[in-house]
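Per-entry structural report
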Amino acid sequence: MENLIITTVKTDDEVRGILALQQKNLKKNLSPAQIESQGFVTVEHEYDVLKAMNKAQPSVIAKHGEQVVGYCLAMLPKFRNDVPEIRSLFDTIDLIEFENKPLKTFNYVVMGQVCVGEGYRSIGLFDKMYELLRQELSGQYDMCITDISSRNLRSQKAHARIGFRLIKDFHDTELNEIWRVVLWDWRS
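Residues numbered from 1 in each chain as written. Predicted model: local features only at pLDDT ≥ 70, side-chain atom pairs only at ≥ 80, totals over all residues. Heavy atoms only, no water.

**With respect to helix 1 (residues 12-25)**
For helix 1, spanning 14 residues, the distance from its first C-alpha to its last is 20 Å, which sits close to the expected 20 Å at 1.5 Å a residue. Looking only at helix 1, the buried set comprises Glu-14, Val-15, Gly-17, Ile-18, Leu-19, Leu-21, Gln-22 and Asn-25. Turning to helix 1, the residues buried within the fold contact strand 1 (4-8), helix 3 (47-56), strand 2 (60-64), strand 3 (67-75) and strand 6 (108-116). (Helix = DSSP H or I, 4+ residues; strand = E, 2+ residues; numbered from the N terminus. Expected span 1.5 Å × (residues − 1). Buried < 20%, exposed > 50% of the residue type's maximum accessible area, 1.4 Å probe, protein only. Contact = heavy atoms within 4.5 Å.)

Dropping the structure here:
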């Protein structure tokens, strides 16, 4: 596709573009058939929090012209209390042992959410966005950690394909959801 670029967030308009794409892909805004075949996102970010997250660590986005058509939200641990729906992931990370030591002792970044817009799926954007994220951050962080709804099979397969591996499942009682904690080791 022409005019399609993978870059990092630089403007407030790009932050707003992420939020617009997020709205279109929230589980609550999709049909059961769309959820099953196309995947979904669960967390709804607030503008001010997302802007602060991107100021601290710019996220990766895909743009077609000026429109944000995909995103990978890099989330530093210091934002653990700013997005209530993700707090349970950080709490779970605090309890996990990895390579015989607490996972929380590693220098990691969390994937706060990843999304590719309708009409832009299955053309490699997911892989390209994550590759830029790794290029940008692997010099600073040991790994990228995220969690995926056990119901989101499309996302599980895509994450496994690029190198994430399952570390632990946990039940989030607030969201009544089983989450799969996955990790992409950048140290090698």
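**What about the packing of aromatic side chains?**
Throughout the structure, instances matching the rule amount to six aromatic pairs. When the centroid spacing of 5.6 Å and the interplanar angle of 70 degrees are considered together, the rings of Phe-98 and Phe-106 count as edge-to-face. Judged by its relative accessible area of 6%, Phe-98 is buried. For Phe-106, a relative accessible area of 8% gives the class buried. Relative to Trp-184, the ring of Tyr-130 lies with its centre 5.8 Å away and its plane at 85 degrees, an arrangement referred to as edge-to-face. Here Tyr-130 is found in helix 5 (residues 125-137), whereas its partner Trp-184 is found in strand 9 (residues 177-185), with 54 residues between them in sequence. For the pair Tyr-130 and Trp-184, one class covers both residues: buried. An aromatic cluster of at least three residues, connected via ring pairs, comprises Phe-126, Tyr-130, Phe-164, Trp-184 and Trp-186. Above the plane of the ring of Phe-106 lies Lys-101, whose end atom (NZ or CZ) is 4.6 Å from the centre. (Phe/Tyr/Trp six-rings, centres within 6.5 Å; stacked < 30°, edge-to-face > 60°. Lys NZ or Arg CZ within 6 Å of the ring centre and 35° of its normal.)

**Topic: the sheet that holds strand 8 (residues 165-172)**
Here we have seven strands laid out as an open sheet, ordered 1-2-3-6-7-9-8, and mixed in their pairing. Sheet topology places strand 1 and strand 8 at the edges, where each strand pairs with a single neighbour. Averaged over all pairs of adjacent strands, the angle between strand axes in this sheet comes to 25 degrees, irrespective of strand direction. Where strand 7 (residues 143-149) meets strand 9, seven bridges bridge the pair, whose relative direction is antiparallel. (Pairing = 2+ DSSP bridges. Axes fitted to C-alpha atoms, helices over the stretch in contact; angles between N-to-C directions.)

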